[in-house]
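# Observations on the three-dimensional arrangement
Residue-level listing of the chains:
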Amino acid sequence: MGADLSAVLRDFLRESGGCAIIDGGLATELEANGADLNDPLWSAKCLIASPELIRKVHLDYLEAGADILITASYQATIQGFQSKGFSIEQSEALLRKSVTVACEAREIFYKKYTSSSCNSSSTAVPFKKRPILIAASIGSYGAYLADGSEYSGEYGDAITLKSLKDFHGRRVQILAESGADLLAFETIPNKLECQAYAELLEENDIRIPAWFAFNSKDGINVVSGDSIPECISIAEQCTKVVAVGINCTPPRFIHGLLLSIQKVTTKPILIYPNSGETYDPDAKEWVETSGESDEDFVSHVMKWCEDGACLIGGCCRTTPNTIRAISRALGRHGV
Ligand code: MET
Ligand SMILES: [Zn+2]
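Here is a short report on the structure shown in this document. Model, not experiment: these values are computed from the prediction.

### Brief notes about the site of ligand 1
Every residue close to ligand 1 is listed here: Gly 25, Leu 26, Ala 27, Trp 42, Ile 70, Tyr 74, Tyr 151, Glu 186, Thr 187, Cys 248, Cys 315 and Cys 316. Within the contact set of ligand 1, an oxygen atom lies 2.8 Å away from a backbone nitrogen or oxygen of Leu 26. In the model, an oxygen atom of ligand 1 is placed 3.0 Å from a nitrogen or oxygen of the Ala 27 main chain. Within the complex, the protein chains bury 97% of what would otherwise be the 310 Å² of accessible surface of ligand 1. In this structure, ligand 1 is accommodated by the largest cavity. Grouping the constituent residues of the shell around ligand 1 by class yields 9 nonpolar, 2 polar and 1 charged.

### Topic: empty space enclosed by the protein
A full pass over the atoms with the stated rule returns 1 cavity of 30 Å³ or more. The space that makes up the largest cavity amounts to roughly 210 Å³. Considering the residues around the largest cavity, the lining is formed by 20 residues, among which Leu 26, Ala 27, Tyr 74, Glu 186 and Cys 315 are closest to the centre. By residue class, the composition of the lining of the largest cavity is 10 nonpolar, 8 polar and 2 charged.

### Overview of the packing of helix 4 (residues 51–64) against helix 14 (residues 320–329)
Put simply, helix 4 and helix 14 touch, their axes get as near as 8 Å, and they point 20° apart. As summarised for this structure, helix 4 and helix 14 are arranged roughly parallel, according to the angle between their axes. Crossing angle aside, the handedness with which helix 4 passes helix 14 is right-handed. In contact with Asp 60, Tyr 61 and Ala 64 of helix 4, helix 14 contributes Pro 320, Ile 323, Arg 324 and Ser 327. Its residues assigned to classes, the contact of helix 4 with helix 14 shows 4 nonpolar, 1 polar and 2 charged.

### Looking at the sheet that holds strand 4 (residues 182–188)
Ordered in space as 1-10-7-6-5-4-3-2, the 8 strands form an open sheet in which the pairing is parallel. Lying at the two open borders of the sheet, with one neighbouring strand each, are strand 1 (20–21) and strand 2 (68–70). Across the sheet, helix 1 (residues 5–15) touches strand 1, strand 2, strand 3 (133–138), strand 6 (241–247) and strand 10 (309–312), and the angle it forms with strand 6 is around 60°.

### Here's the deal with unusual backbone geometry
One non-glycine residue, Ala 146, lies in the positive phi region at around 55°. Looking at where Ala 146 falls in the secondary structure, it is placed in the loop between helix 7 (141–145) and helix 8 (161–176). Positive phi, normally seen in glycine, also occurs at Arg 317, with a value near 75°. One can find Arg 317 in the loop between strand 10 and helix 14.

### Thoughts on helix 10 (residues 228–237)
Along helix 10, the residues classified as buried are Ile 228, Cys 231, Ile 232, Ile 234 and Ala 235. Along helix 10, the residues classed as buried sweep out an arc of 150° about the axis, all on the same side. Tucked into the core, helix 10 has its buried residues touching helix 9 (191–203), strand 5 (210–214), strand 6 and helix 11 (254–262). The N-terminus of helix 10 is capped by Ser 227, whose side-chain oxygen sits 3.0 Å from the backbone nitrogen of Glu 230.

### Quick word on the packing of aromatic side chains
One pass over the structure, following the stated rule, counts 12 aromatic pairs. Judged by centre distance (5.1 Å) and plane angle (80°), the rings of Tyr 141 and Phe 167 are edge-to-face. On the criterion of sequence distance, the pair formed by Tyr 141 in helix 7 and Phe 167 in helix 8 is long-range, its members being 26 residues apart. With respect to class, Tyr 141 is no different from Phe 167; both count as buried. On the basis of an interplanar angle of 45° and a centroid distance of 4.8 Å, the ring pair of Tyr 144 and Phe 167 is categorised as tilted. In this pair, Tyr 144 sits in helix 7 while Phe 167 sits in helix 8, placing the two residues 23 residues apart along the sequence. In this structure Tyr 144 comes out as partly exposed when scored by relative accessible area, which is 27%. Looking at Phe 167, the relative accessible area reads 10%, which means it is buried.

### Notes on the coordination of the zinc ion (ligand 2)
All of the protein donors around the zinc ion (ligand 2) are Cys 248 (SG), Cys 315 (SG) and Cys 316 (SG); their distances to the metal are 2.2 to 2.4 Å. Each of the 4 donor atoms bound to the zinc ion (ligand 2) contributes to angles spanning 94 to 131°, and the resulting shape is tetrahedral. Look at where the donors of the zinc ion (ligand 2) fall in the sequence and you get C-x66-C-C.

What counts as what
The residue numbers shown here count from 1 along each chain, following its written sequence. The order in which chains are written sets their letters, starting at A; the order in which ligands are written sets their numbers, starting at 1. Owing to the predicted nature of the model, reporting of local features is limited to residues with pLDDT of at least 70; listing and counting of side-chain atom pairs is limited to 80 or more, with chain, interface and lining totals taken over all residues. To obtain the side-chain values, all non-hydrogen atoms of the structure were included, while hydrogens and water were left out. A cutoff of 4 Å decides nearness: a residue is near a molecule or strand if any of its heavy atoms lies inside that distance of it. Pairs of N or O atoms within 3.5 Å make up the polar contacts considered here, provided that, within protein, one atom can donate a hydrogen while the other can accept it, and that residues adjacent in sequence are counted only when both atoms are side-chain atoms. Every accessible area reported is derived by Shrake-Rupley at a probe size of 1.4 Å, with residue values counting cover from the shown protein chains alone. Only protein atoms enter the 1 Å grid used here. Points where a 1.4 Å probe fits but cannot escape make up a cavity, open sets with protein on both sides within 12 Å along at least five of seven lines make up a pocket, and a residue lines them when an atom lies within 4 Å of a point. Pocket occupancy is defined atom-wise: a molecule lies in a cavity or pocket when more than half of its atoms are within 2 Å of its grid points. Under the scheme applied here, ten amino acids are nonpolar (Ala, Val, Leu, Ile, Met, Phe, Trp, Tyr, Cys and Pro), four are charged (Asp, Glu, Lys and Arg), and all others, including Gly, are polar. Grid points are joined across faces, edges and corners, and a volume is the space filled by probe spheres set on the points. The angle between two axes is taken between their N-to-C directions and runs from 0 to 180 degrees, where each axis is a line fitted to C-alpha atoms and a helix contributes only its stretch in contact. Helix and strand labels come from DSSP, where a helix needs a run of H or I of at least four residues and a strand needs a run of E of at least two; each type is numbered from the N terminus. Our angle categories are set so that under 35 degrees counts as roughly parallel, over 145 as roughly antiparallel, 65 to 115 as roughly perpendicular, and the remainder as oblique. Two helices crossing with the near one rotated counterclockwise from the far one by less than a right angle form a left-handed crossing, whereas a clockwise rotation gives a right-handed crossing. Between two residues, a contact is recorded if the distance between any of their heavy atoms is within 4.5 Å. A pair of strands is considered paired only if DSSP assigns at least 2 bridges between the two. For every residue, the accessible area (1.4 Å probe, protein chains only) is compared with the maximum for its type, and the residue is labelled buried under 20%, exposed over 50%, or partly exposed between those bounds. As used here, the arc is the angular range of directions from the helix axis to the C-beta atoms. By convention, a stacked pair of Phe, Tyr or Trp rings (six-membered ring in the case of Trp) has centres within 6.5 Å and planes under 30 degrees apart, an edge-to-face pair has planes over 60 apart, and any other such pair is tilted. Metal coordination here is assigned from N, O and S atoms located within 2.8 Å of the ion, or within 3.2 Å for Na, K and Ca; omission of water means that sites may look incomplete. Think of it this way: with four donors and all angles in the 85 to 135 degree range, the site is tetrahedral; with four or six donors, opposite ones beyond 155 degrees and the rest between 65 and 115, it is square planar or octahedral; otherwise it is irregular.

Read these as geometric descriptors, not functional statements.
Pasting the structure below:
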């Protein structure tokens, strides 16, 4: 029998006081720090040209209180790197680099606070490292297409369960063996891709736990129109999936989605909504009309906890300030 992968997350949640904080948007925060991500690789472009910027944003999120960092591999695929002229070996190395950069940020953060606590006073209480997990991001096939189809879930008839498994298989294997603590399957737009991930996890020797995060644009179904309870039930049956929930979805939908998810899962529930703005894939920009301020966003946090969420963070257009505000709302203090 394999190791109990769910224990990794349950122990971590216990050490985090019952509710852990996920980081905020990575790609949009890289852009806020000056990166030009108008590219099919999106945030993964920085793995090639500016990994130090990714490390900085990871560190900003740790300073803000995040307990979990999600790597810059959301739109990093072997196929995507190859179409830029990289070899298979180089492409696989870039995938691994997304995890290395996040691990470096965690090390820098730990060192900083270990040394400051040692220097402060001879009677200082030994510094207790807060546990920090690195979650290797796996964006959907629609994210690789870079045409916004992770927000429609419409892949066309040519895309089958088998083609999705073929597309994701090697990347999943590489990231599972990269030193990451978890695999974060993000922005899953339809049931077919959920099934493909679950089968890949079951059929391969994947030794780290995974979470499945779906996105919704109506507060009822996943973006393709497939039923949330059906998608969650697929994840529920997969022993390697240790948490399920929602990402990159407006905060106003989260309460209703949590109520429907709760009914069909026994696993910890995670949510990391976006800022409430909408992405226009044709214009390639976020439409700012219905965005929520950090205060509005955070005013939901305690309610989401009562609704059963125990991993909470932010997705696109949320920032270290959002995470700092979530941390305060949860009564966290200091590092
Ligand atoms: C479109 S959702 C993007 C998720 C990814 N983890 C990011 O924050 O960049
Ligand atoms: Zn997002």
